[in-house]
Amino acid sequence: MKVKKLMVVGAGQMGSGIAQVCAQAGYEVLLNDIRKEAVQRGLGGIEKNLERQVKKDRLTSREKEEIIARISQSADLQDAKDVDLVIEAAVENMTVKCKIFSQLDEITPAHAILASNTSSLPITEIAAATKRPEKVIGMHFMNPVPVMKLVEIIRGLATADEVYQTIEEMTHTLSKMPVEVNDFPGFVSNRVLMPMINEAIYTLYEGVATKEAIDEVMKLGMNHPMGPLTLADFIGLDTCLYIMETLHDGFGDDKYRPCPLLRKYVKAGWLGRKAGRGFYTYE
């Protein structure tokens, strides 16, 4: 099956990034969110990103306008009635995702593939909310989407081989690198990354070193482009906590227990860069 038209559900940072790269690759894109202002904000972010590319001579003004023209705004899931693919990038919450997938199952044509950009939740459980589990798959993009090359493609228990092949081929058209992953909590990326971030938070919590020292050790000693505490702020501390809880619940192993300091910051509303304060303060 060839994908020509798709919907991205969720117009936040991840969803708008996915919409941008799909439109750049020539796909007709519906950018959907339950709030019209969120869609408009997401589209505004896409326009700013593309304008930066124009200023760097990586795109022409005409190419930018053609990309924008391929993105339509949507505030109603019913608009997915004629798409070939939906990529869900809503909040990282199983109840919300299952509700969206159940609705999409009723709205989209029988051939449509339903993909989730979840960073840690089981694809098999999401698929169980539909009558087409063989057509449900995970497409985990990295943040920021226009820059990062990796896409984890996650097979659910029932995902059909032809569905995987379609999504793998499409990922290549986005100039991304697909990596096949089986359906385990956190997949590969967050199963490895989040415990490292959590351990860095424990290191701060126990007074081993300052936040700046911890980040410098990992940048200069381990050649990481960004320290783990800075990265946690970038991801969002609420997202980090949710993923750690998913790993802890999924494996039942205390090595995934979220650090109490992480819980305290989230309860305080110190969610990182998006909130103006996390481990660091942002203007």
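Residues numbered from 1 in each chain as written. Predicted model: local features only at pLDDT ≥ 70, side-chain atom pairs only at ≥ 80, totals over all residues. Heavy atoms only, no water.

Taking an unreviewed UniProt entry as the reference, the protein is identified by name as 3-hydroxybutyryl-CoA dehydrogenase belonging to Bacillus lumedeiriae. The annotation that UniProt attaches to the protein under Sequence similarities (unreviewed entry) is "Belongs to the 3-hydroxyacyl-CoA dehydrogenase family." Listed under Pathway (unreviewed entry) in UniProt, the entry text for the protein is "Lipid metabolism; butanoate metabolism." (UniProt positions renumbered as here; feature names shortened; annotations may be inferred.)

Draft legend 1. Geometry of the sheet that holds strand E2 (residues 28-32). Taking strand neighbours across the sheet as the criterion, the eight strands line up as E3-E2-E1-E4-E5-E6-E7-E8 in an open arrangement whose pairing is mixed. Edge positions in the sheet fall to strand E3 (71-74) and strand E8 (177-182), since each of these pairs with one other strand and no more. For this sheet, the mean inter-axis angle between neighbouring strands, taken without regard to orientation, is 25°. Here strand E7 (residues 150-155) runs beside E8; their pairing, made up of six bridges, is parallel. Residue pairing across strands places isoleucine 153 opposite glutamate 180, the latter belonging to E8. Seen against the sheet, helix H6 (residues 161-173) touches strand E1 (5-9), strand E4 (85-88), strand E5 (113-116), strand E6 (136-141), E7 and E8 and runs at an angle of roughly 175° to E7. (Pairing = 2+ DSSP bridges. Helix = DSSP H or I, 4+ residues; strand = E, 2+ residues; numbered from the N terminus. Axes fitted to C-alpha atoms, helices over the stretch in contact; angles between N-to-C directions. Contact = heavy atoms within 4.5 Å.)

Draft legend 2. Up close: the side chain of asparagine 198. Relative to the helices and strands, asparagine 198 is located in helix H7 (residues 189-205). At 2.9 Å, the side chain of asparagine 198 forms a polar contact with the backbone oxygen of arginine 257. Discounting chain neighbours no more than four positions away, the residues touching asparagine 198 are Met244, Arg257, Pro258, Cys259 and Leu262. (Polar contact = N/O pair within 3.5 Å; in protein donor to acceptor, adjacent residues only side chain to side chain.)

Draft legend 3. Broad picture of the UniProt feature "domain: 3-hydroxyacyl-CoA dehydrogenase NAD binding" (unreviewed entry) in the protein. UniProt's feature table lists "domain: 3-hydroxyacyl-CoA dehydrogenase NAD binding" (unreviewed entry) at residues 6-183, given in the numbering used throughout. From the first C-alpha to the last, residues 6-183 spans 24 Å; its make-up is 41% helix and 22% strand.

Draft legend 4. Structural context of the UniProt feature "domain: 3-hydroxyacyl-CoA dehydrogenase C-terminal" (unreviewed entry) in the protein. According to UniProt, the feature "domain: 3-hydroxyacyl-CoA dehydrogenase C-terminal" (unreviewed entry) maps to residues 186-282 in the numbering used here. Taken end to end, residues 186-282 comprises 62% helix and 0% strand; its first and last C-alpha atoms sit 28 Å apart.

Draft legend 5. Representation of the pairing of E5 in the model. Alternating residues of E5 divide into Ile113 and Ala115 and Leu114 and Ser116, and every residue in both groups is buried. Taken together, the four bridges between E4 and E5 define a ladder with parallel strand orientation. The residue bridging leucine 85 from the neighbouring strand is isoleucine 113, located in E5. Each parallel crossover has a hand, and for E4 linked through helix H4 (residues 94-107) to E5 it is right-handed. In terms of strand pairing, E5 meets E6 through three bridges, oriented parallel. Residue pairing for E6: alanine 115 is matched across the bridge by isoleucine 137. (Buried < 20%, exposed > 50% of the residue type's maximum accessible area, 1.4 Å probe, protein only. Right-handed = clockwise from strand over helix to strand, strands pointing away.)

Draft legend 6. Layout of the environment of leucine 261. Position of leucine 261 relative to the elements: it lies in helix H11 (residues 260-267). By relative accessible area, leucine 261 is classed as buried at 11%. In the structure, leucine 261 is positioned 60 residues away from isoleucine 201 in sequence and 7.1 Å away in space, judged by C-alpha atoms. Leave out the neighbours within four places in its chain, and leucine 261 touches Ile201, Leu204, Tyr205 and Phe279.

Draft legend 7. Structural detail: the nonpolar core. Ranked by internal contacts, the top residues of the largest apolar core, which has 39 residues, are Leu6, Cys22, Val29, Leu85 and Phe141. If sequence neighbours within four positions are ignored, leucine 85 has contacts with Val3, Lys5, Leu6, Met7, Ile113, Ala115, Ile167 and Met170. Within the second largest apolar cluster, 24 residues are counted, among which are Tyr202, Cys259, Leu261 and Phe279. (Core = buried A, V, L, I, M, F, W, Y, C linked by side-chain atoms within 4.5 Å.)

Draft legend 8. Structural view of unusual backbone geometry. The linkage connecting asparagine 143 with the following residue, proline 144, adopts the cis geometry, with an omega of 0°. With phi around 60°, aspartate 57 is a residue other than glycine that occupies positive phi space. Looking at the element boundaries, aspartate 57 is found in the loop between helix H2 (36-55) and helix H3 (61-69). Given a relative accessible area of 69%, aspartate 57 falls into the exposed group.

Draft legend 9. Spotlight on the packing of aromatic side chains. The tally for this structure, following the rule as stated, stands at four aromatic pairs. On the numbers, 5.1 Å between centres and 70° between planes, the contact of tyrosine 265 with tryptophan 270 is edge-to-face. A relative accessible area of 16% places tyrosine 265 in the buried class. Three or more aromatic residues joined by ring pairs make a cluster, and in this case those are Tyr265, Trp270 and Phe279. Over the face of the ring belonging to tyrosine 164 we find arginine 155, whose NZ or CZ atom lies 4.5 Å from the ring centre. The residue whose ring lies beneath lysine 211 is tyrosine 280, and the NZ or CZ to ring-centre distance is 5.6 Å. (Phe/Tyr/Trp six-rings, centres within 6.5 Å; stacked < 30°, edge-to-face > 60°. Lys NZ or Arg CZ within 6 Å of the ring centre and 35° of its normal.)

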